[in-house]
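Each chain is listed here by its residues.
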Amino acid sequence: MRLRTSLVSLALLMLPCAAGAQERLAALRSVHPHANGFVLESVSGQRLYVRSYGPAMLRLQWVRAGEAPFPDEHYEAIIARPEGRLAIREEPGRVLIETPGPSGVRLEVTRDPMRLAFHGHDGRLLLGERDGVGWSAGRIGLDFVADTAEHFLGWGQKTFGYMDRLDLRGTRIRRNYEEERIDRGVQGNLLVPFLISSKGYGLFLNSPFPNEASFGDRGEFGVTLDTNGFPARMDVVFLYGPTPAALLDRYTRLTGRPRLPPKWAFGLQLSDNDPPLPGHEPIDELWWKTMVTRHRAAGFPLDQMVYDNDWRAGGGGRVGSRFEFDRVKYPDPPEFRRWYMAQGLTLTLDLNLNNVKESWGWKPSYNIPVVPGCTYAFKDAFPDYSRPDVRRWLWRLFWKEALDPALHYPGDGLWLDESDEIQSSCVPDSTIVGNGRSWAETRNTYYFLNAEAVVNGWDSGIGEARRPYVWLRGGSAGGQRLAIHWTGDTYFDQRAYVGQIVSAQASGLAGYPYFNHDAGGFSDSEHPGPRDSVYINWGIAFASFAPIWRPHGYGLPRWPLNRDSAVQAAMMRYGHLRYQLMPYIYAAAHVAHDIGLPMARALALVYPSEADAWSHPRQYLWGDAMLVAPSPAIDGRDTLAEVWLPPAARWYYFWNDSVFAGGRVIRHPARFGELPVWVRAGAIIPRQEFALSTAWLSDRALTLDVYAGADGTFTLPEDDGVSERYRTRGELRRTRIAYRDGARSRLVIGAAAGSYAGASAARSWTIRLHGLAAAPATATLNGRRLDVLPAPPATKGTAGASWSVADRLLTITTLPLPVGRPLTLEVSRLSP
């Protein structure tokens, strides 16, 4: 960890109770209305501002005598506005403040001294201060009474995603920009000081100053800000769920809903780091056309071409090149764009931080000031994104060289690499940057400012026609409404693999549900890779059940035709499955945008009252109905995996429909190359017919896999997959599907509500009902009795019903039917 003036001593860097705080809140003197809340003033002139942000959120800001509170717009993380009015009741010895509504929060403030306690709507104590807020030299702290039985989720994501646990109980975390150094540096961390408690509440620290938090370590629970002597405020939002899922909903209301990527982002993404073509050295448009043509001809899907360095003018290197097409490698960029669009493909362009000084329009004055004696090679490429003019310049660069629609140039996404490279040896916390604030106050927002420069420009320049797809090597609180992040240049080893499984969940808990990583690992100069076993189990199997599937890195090739037959078979298997499951995956992506619920969901997020949910971080729920428990090994061995099956009537093993009882831990064979996946009883999982690109997936036919044993529902969202019109104009179609289990089961596909450009007016359905004990006595479709045959119809597209004894599977097929009319399937004598 680096040394800075704010890190006087790790031994002293404690919460206020252990740091010799010089000032505490004194006794309460008065209470006055303020805006939509109240201000409570102590006899020493300190003040606590309390405001309502809805029925279950309280924002609290403490100031010392003579200080003014920071205005709402002082920081950009919070976009919600104050909402509702608080009720207050003054009693001897205490003041009670309540948010409106039946699910509200009650804040109890004792009079002497002023100390806070938060209660749920049922009166249950959720959280109470120990010594409360304290101010000392260069620090502000806030501490609470620690509960040894309490569990915690959240507080961002570790460098490189190297995490082995989700439960923060008993830990102390210092997670800030350019700290938490591991191996080759600090990359890919999420600086999101938001926690979720097992007691049903959440806390968001609305301050970008460097922080340290303790979650029961040494019996302490609280947070300390390092202010370096600059003006700072302890500004906290208390959220009440009571469920963890409700807390994520409230948090993403507070800081912004995650920006939904285009549908193609959920297809396979491959980059240009494989070897050149024989006898043809450059990685150029011929390389791409050749690789894509071979790949597609072999039957592999692909949606996104990821450009890493080679395309850029000035040599195409990581260093020294500039954001501009090399016109030798790409003599006719519009022609290349026409070609790849005809292939149903998209393309992301990258910019390394050091390239800014070589690129159009850069001025040395745009740089963050560096101290004399700084020896870092790229010290003159530290763009000061706190300045509006520098943010405008960055977007104009992208617009001029690629993204102006009038150019018809390649470019559908932007990869902002190395945003974590500002060095503390060159830019100490005392540096004043372009917004007039210290680097101490700014550095934890640097990822946000970088993303904001691009996405605000995209929204104003390109508009609703195309969704922004922007990704950075790191993220800040609130940045989920702009971009996604990825975890950085990981190794190929076991630690990195396990870390990505855990971080896929931690990312969602930080409000970033579209987890992105170098699938299979990035590089390791001492151990070239990834080996086949690593690539198959990690880069293909697990990664195909992660939000963004992007194998990328140096070493051995990632394109399947450059690997052996085992890799090719795995890529074919999981590639086809991923694209068939796209309706299910895209529905989970929409839910993440709508309410903040991640695509890869931590078990404790859904089952917080179950002890096993907190002790199994290496498995997760994929969407609402699938449980993924990646193999614990990546060395090619068959092994046994300890898997917790949450409470449910039954779980089906995805690959063969074997049935397992829920609410227990099992040891299950984890066979090399087979990702352990289960499906919950009552699940409704939609599929489409495979296509080589998401652009070519048809909405004219859908398959529903329905798993008997419990009731279930599913909502299918559909839009054009490209534009923002689902959000700006309501161009979105939703179809609600409900299954009722029992002796006479019933599946109702509701009438589709809404529409979008290009939506089909009719579709055929294939319904596959899994887990029946015996052939049904009767089956009716919209009241018409079906003859259940022992084999499926021989002619594709023919309506009918069939029963497979071996698979215990009932299959119903229909002809195309209007989507605006409901469809009801009833099956009798279904085994419960």
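In what follows, the structure referred to is the one given above.
Cut-off values and rules
Residues numbered from 1 in each chain as written. Predicted model: local features only at pLDDT ≥ 70, side-chain atom pairs only at ≥ 80, totals over all residues. Heavy atoms only, no water. Pairing = 2+ DSSP bridges. Helix = DSSP H or I, 4+ residues; strand = E, 2+ residues; numbered from the N terminus. Contact = heavy atoms within 4.5 Å. Expected span 1.5 Å × (residues − 1). Buried < 20%, exposed > 50% of the residue type's maximum accessible area, 1.4 Å probe, protein only. Axes fitted to C-alpha atoms, helices over the stretch in contact; angles between N-to-C directions. Parallel < 35°, antiparallel > 145°, perpendicular 65-115°, else oblique. Left-handed = near helix turned anticlockwise from the far one by under 90°. Nonpolar A, V, L, I, M, F, W, Y, C, P; charged D, E, K, R; others polar.

Visitor: Help me understand the sheet that holds strand β30 (residues 620-622), please; the structure alone is not making it clear to me.
Guide: Two pairing modes exist for strands in a sheet, parallel and antiparallel, and in both the strands are linked by backbone hydrogen bonds. Pairing is antiparallel across the open sheet formed by 6 strands, whose spatial order is β29-β30-β31-β36-β33-β34. The sheet is open, and its two borders are formed by β29 (600-601) and β34 (659-660), each paired with just one other strand. Summarising the sheet, strand β33 (residues 651-653) and β34 pair through 2 bridges and their orientation is antiparallel. If you follow Trp651 over to β34, its bridge partner there is Phe660.

Visitor: Would you explain the environment of Gln423 in this entry?
Guide: Locating Gln423 in the fold gives a position in the loop between β25 (413-417) and α5 (439-442). Separated by 47 residues in sequence, Gln423 and Tyr376 place their C-alpha atoms 7.7 Å apart. What Gln423 contacts, discounting residues up to four positions off in sequence, is Glu178, Arg181, Tyr376 and Phe382.

Visitor: Explain the sheet that holds strand β21 (residues 304-306) to me, please; I cannot follow it from the model alone.
Guide: Overall, parallel pairing links the 6 strands, which are arranged β20-β21-β24-β25-β26-β28 in an open sheet. Whereas interior strands pair on both sides, the edge strands pair on one side only; in this sheet they are β20 (269-271) and β28 (484-485). Examined bridge by bridge, β21 and strand β24 (residues 346-352) share 3 bridges and lie parallel to one another. In the sheet register, Gln304 faces β24, and the bridge partner there is Thr346.

Visitor: How should helix α1 (residues 244-255) be read in this particular structure?
Guide: One turn of the α-helix equals 3.6 residues, which is why residues spaced by three or four share an orientation. End to end, α1 covers 16 Å across 12 residues, agreeing with the expected 16 Å (1.5 Å per residue, within 8%). Extensive coverage of α1 is indicated by the burial of 10 of its 12 residues. Pro244, Ala246, Leu247, Leu248, Asp249, Arg250, Tyr251, Thr252, Leu254 and Thr255 are the residues of α1 that are buried. Looking one or two residues beyond α1, the residue adopting positive phi is Gly256, at roughly 115°.

Visitor: Honestly, unusual backbone geometry in this entry has me stumped. Any pointers?
Guide: Negative phi characterises most residues that are not glycine, and trans characterises most peptide bonds. In the segment running from Asp112 into Pro113, the intervening peptide bond is cis, with an omega of -5°. Mapped onto the elements, Pro113 comes out in the loop between β8 (106-110) and β9 (116-119). Look at Arg218: it is not a glycine, yet its phi comes out positive at around 55°. Relative to the helices and strands, Arg218 resides in the loop between β17 (211-215) and β18 (221-226).

Visitor: In this structure, what is going on with helix α6 (residues 446-461)? I would like to understand it.
Guide: Taking 1.5 Å as the rise per residue, α6 with 16 residues should run 22 Å; its terminal C-alpha atoms sit 23 Å apart, in good agreement. Counting buried positions along α6 gives 12 out of 16 residues, so the element sits mostly inside the fold. Elements in contact with the buried residues of α6: β14 (190-191), α4 (388-403), β25, α5, β26 (470-472) and β27 (475-476). Following α6 by one or two positions, Gly463 has its phi on the positive side, about 75°.

Visitor: How should the environment of Pro790 be read in this particular structure?
Guide: Relative to the elements of secondary structure, Pro790 occurs in the loop between β45 (788-789) and β46 (800-804). Note: C-alpha distance between Pro790 and Phe215 (575 residues apart in sequence) is 60 Å.

Visitor: How should I be thinking about the side chain of Asn309 in this particular structure?
Guide: Note that Asn309 resides in the loop between β21 and β22 (312-313). Judged by its relative accessible area of 6%, Asn309 is buried.

Visitor: So what exactly am I meant to see when it comes to the packing of α4 against α6 here?
Guide: For any two helices packed against each other, the geometry is given by the interaxial angle and the distance between the axes. The N-to-C vectors of α4 and α6 enclose an angle of 55°; their axes lie 9 Å apart at closest approach. Here α4 lies oblique to α6, going by the angle between them. Here α4 and α6 pass one another in a crossing that is right-handed. Along the contact surface, α4 presents Arg391, Leu394, Trp395, Phe398, Trp399 and Leu403, while α6 presents Leu449, Asn450, Glu452, Ala453, Val454, Gly457, Trp458 and Gly461. Taken together, the residues of the contact of α4 with α6 break down into 9 nonpolar, 3 polar and 2 charged.

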